[in-house]
Amino acid sequence: MWEAGTGLRLGWGQSQKDGRTASRTSPDKGTKTCLCAAEREQRRGRQGHHVQVCSCAFFTKVVDLGAACLKFEIWDTAGQEKYHSVCRLYFRGANAALLVYDITRKDSFCKAQQWLKDLEEELHPGEVVVMLVGNKTDLEEEREVTFEEGKEFAESKGLLFMETSAKCNYQVADVFNAVARELSWREESKEGQRQRRDAPLTLSERPSWRGRCCAH
Ligand SMILES: Nc1nc2c(ncn2[C@@H]2O[C@H](COP(=O)(O)OP(=O)(O)OP(=O)(O)O)[C@@H](O)[C@H]2O)c(=O)[nH]1
C-alpha cells in the first residue's frame, strides 16, 4: 500500500445558509465537515477511523485504485477566522487539499480564494494536489456561484474541480477518488522520470540522428 504522506487537508468551509432556516451565519462556516461525514457514512463498516480535536477533526480513509491503494490521513480544519492561524499549521507537509465552498454563498467562494492564497504561501506550487469543491448542489434554486465560475477559477489556478452535495451524497466519493487518482498519476510520472534519468547509457545503440561536425 502506498501511503499518501501526511495526507489530505480539508479546507475550509466558509458559509452556512441552511435550506430549512435560510439563516446567514459566519462566512467562515461552511460545508466540509458534512462532506467528510457523508463520505464516512458511505463507507461505514469499512476501513478508517475518526478522532475529533479542538480546531480540526482527523480521520483516515483508504482509496483502492485497483493497481494501488492510497491511505489518506485527513485533517478537517475549522473554517472560522479564530482558528485561521492554527489551521495554517496543518497545511505543511500535506500532499493534497480540498477547498470546499458553499455554492449558495458568493462570500464562501471568495473566502475559498483567500484560503488558496494562504495555501500557496505554505506549499510549493505543483507539489500539492488541490481540489476546489462547490458543495450543496441540492440547493440549486439558491445557487449564487455558477458551475462555470467554479470551473473557470479552478482551471485558472490549475486546481481539480467538482461539485457535490454532502446532504444527498452526490459525488462525495468521487472527490476522494479523483484526488487519489491524481496523486497516484503524479507519483507514477515522477517514478518514470527517475527511471529515465537513472537508466544506463547503452553505447552500442546508434543515435537516430547523426550530426555532422561543424567543420565538414
Ligand atoms: N443543504 C445542504 N446543507 C449542507 C450540505 N453540507 C453541509 N450542509 C449544512 O451546512 C452547515 C455547515 O456544515 P459543516 O459541514 O458543519 O460546515 P464546516 O465547513 O465544516 O464548518 P466549519 O468546520 O465551522 O468551518 C450545516 O448546517 C450542514 O447541515 C449540503 O450538501 N446540502
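Procedures and definitions
Residues numbered from 1 in each chain as written. Predicted model: local features only at pLDDT ≥ 70, side-chain atom pairs only at ≥ 80, totals over all residues. Heavy atoms only, no water. UniProt positions renumbered as here; feature names shortened; annotations may be inferred. Helix = DSSP H or I, 4+ residues; strand = E, 2+ residues; numbered from the N terminus. Buried < 20%, exposed > 50% of the residue type's maximum accessible area, 1.4 Å probe, protein only. Contact = heavy atoms within 4.5 Å. Areas by Shrake-Rupley, 256 points an atom, 1.4 Å probe, with all protein chains shown as cover. Pairing = 2+ DSSP bridges. Right-handed = clockwise from strand over helix to strand, strands pointing away.

By the naming in an unreviewed UniProt entry, the protein chain goes by Ras-related protein Rab-17 isoform X5 and is assigned to Bos indicus. The annotation that UniProt attaches to the protein chain under Sequence similarities (unreviewed entry) is "Belongs to the small GTPase superfamily. Rab family."

Check the secondary structure of the protein chain and you find five helices and eight strands. The N-to-C order of helical and strand elements in the protein chain reads β-β-α-β-β-β-α-β-α-β-α-β-α. Across the 216 residues of the protein chain, 43% fall into the buried class. Within the protein chain, contacts between residues separated by at least 24 positions form 69% of all contacts whose residues are at least 6 apart in sequence. When the accessible area of the protein chain is evaluated, it comes to approximately 12,200 Å², of which 51% is carbon and sulfur surface.

A few words now on the pairing of strand β8 (residues 160–163). Bridging between strand β7 (residues 129–135) and β8 involves four bridges; their strand directions are parallel. Bridge assignment links Met 131 to a residue of β8, and that residue is Leu 160. Handedness of the crossover is the feature at issue here: the chain leaves β7, passes through helix α4 (residues 147–156), returns alongside β8, and the resulting connection is right-handed.

The element β7 is largely enclosed, with a buried count of seven among its seven residues. With burial as the criterion, each face of β7 is covered, one bearing Val 129, Met 131, Val 133 and Asn 135 and the other bearing Val 130, Leu 132 and Gly 134. Looking at chain direction, strand β6 (residues 96–102) and β7 are connected through seven bridges and run parallel. Bridging across to β7, Leu 99 finds its partner in Leu 132.

For the rest of this paragraph, the subject is the environment of Gln 114. Position of Gln 114 relative to the elements: it lies in helix α3 (residues 106–122). For the pair Gln 114 and Leu 183, spaced 69 residues apart in the sequence, the C-alpha separation amounts to 24 Å.

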